[in-house]
Amino acid sequence: NERQKRRADSLTKDRFEFQYGRVEIRAKLPEGQGTWPALWLLGSNIDTVSWPACGESDIMEHGDGPRGLVSSTVHLQNADGNHRFVRGDQTIENEASAFHLYRMDWSENRIEFFVDDVKHHGFNISANMPFHQPFYFILNIAMGGIFTNNTIDPEFNSSSLEIDYIRLYQ
């Protein structure tokens, strides 16, 4: 998987997992074409059912379109076992020079995504979906990969993803 080959991440697997609640992550994104920051969650049963059966919820990803385009995506398995996803996005200003609040509200019936309290995506959850179990956090920056159209600015030197805080309300 291209995403796994080229990333450095921090995760809470086997240390902190949760089910349902409001997640708020205040972050400043890295600058530069080719950076692929992501604030996301994976189902804690990934080791037994694999991906995408475990479910994935991307609170924020950036890097696959115009500057400032951030997206939120829910990944799961189709009835035939293949991957499917549902995505929403919005464009923000100053993504790399100012902190923004990335939020996910997750209940038994729905997941909703916001940036600075502006909702841009919602997904209804049914009983047979993987979103009724604990998930864990992954915070990472990848370089290149299919999400960025394999394009890295040749002048790129360095940048960082700054996290001010992560809050979980249950």
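What comes next is a walk through the structure. (Residues numbered from 1 in each chain as written. Predicted model: local features only at pLDDT ≥ 70, side-chain atom pairs only at ≥ 80, totals over all residues. Heavy atoms only, no water.)

**Observations regarding the pattern of salt bridges**
Throughout the structure, instances matching the rule amount to 12 salt bridges. For Glu112, the salt bridge identified is with Arg110, shortest N-O distance 2.9 Å. What emerges from the salt-bridge pattern is a single network uniting Arg22, Arg103, Asp105 and Asp117. (Salt bridge = Lys/Arg side-chain N within 4 Å of Asp/Glu carboxyl O.)

**Thoughts on the pairing of strand S6 (residues 69-77)**
Burial within S6 is extensive, with 8 of its 9 residues counted as buried. The pairing of strand S5 (residues 56-62) with S6 spans 5 bridges and is antiparallel. Bridged to Asp58 within S6 is Thr73. Adjacent in sequence and paired antiparallel, S5 and S6 are bridged by 6 residues, among which Gly63 carries a positive phi angle near 130 degrees. (Buried < 20%, exposed > 50% of the residue type's maximum accessible area, 1.4 Å probe, protein only. Helix = DSSP H or I, 4+ residues; strand = E, 2+ residues; numbered from the N terminus. Pairing = 2+ DSSP bridges.)

**What to know about the nonpolar core**
Nonpolar side chains in soluble globular proteins generally cluster together in the buried interior. Membership of the largest hydrophobic core comes to 28 residues, with the highest contact counts inside it found for Leu39, Tyr102, Trp106 and Phe131. Of all elements in the fold, only strand S3 (21-28), strand S4 (35-43), S5, S6, strand S8 (100-106), strand S9 (110-115) and strand S11 (135-143) reach the threshold of two or more residues within this core. Those residues in contact with Phe131, other than ones at most four positions away along the chain, are Tyr20, Gly55, Glu56, Val74, His75, Leu76, Trp106, Ile111, Phe123 and Ile125. (Core = buried A, V, L, I, M, F, W, Y, C linked by side-chain atoms within 4.5 Å. Contact = heavy atoms within 4.5 Å.)

**Re the pairing of S11**
Of all 9 residues in S11, 7 are buried, a share of seventy percent or more. Where strand S2 (residues 17-18) and S11 come together, 2 bridges link them in antiparallel fashion. Bridge pairing links Phe18 to Phe135 in S11.

**Some remarks on the packing of aromatic side chains**
According to the stated counting rule, one finds 9 aromatic pairs in the structure shown. Ring centres of Phe123 and Phe131 lie 6.3 Å apart, and the angle between their planes is 75 degrees; this geometry places the pair in the edge-to-face category. Owing to a relative accessible area of 7%, Phe123 belongs among the buried residues under this scheme. Members of the aromatic cluster, joined through ring pairs, are Phe16, Phe18, Tyr20, Trp106, Phe123, Phe131, Phe135 and Phe137. Here the guanidinium or amino end of Arg103 rests over the ring plane of Phe114, the centre of that ring lying 3.7 Å away. One Lys or Arg, Arg167, reaches over the ring of Tyr165 and ends 3.7 Å from the middle of that ring. (Phe/Tyr/Trp six-rings, centres within 6.5 Å; stacked < 30°, edge-to-face > 60°. Lys NZ or Arg CZ within 6 Å of the ring centre and 35° of its normal.)

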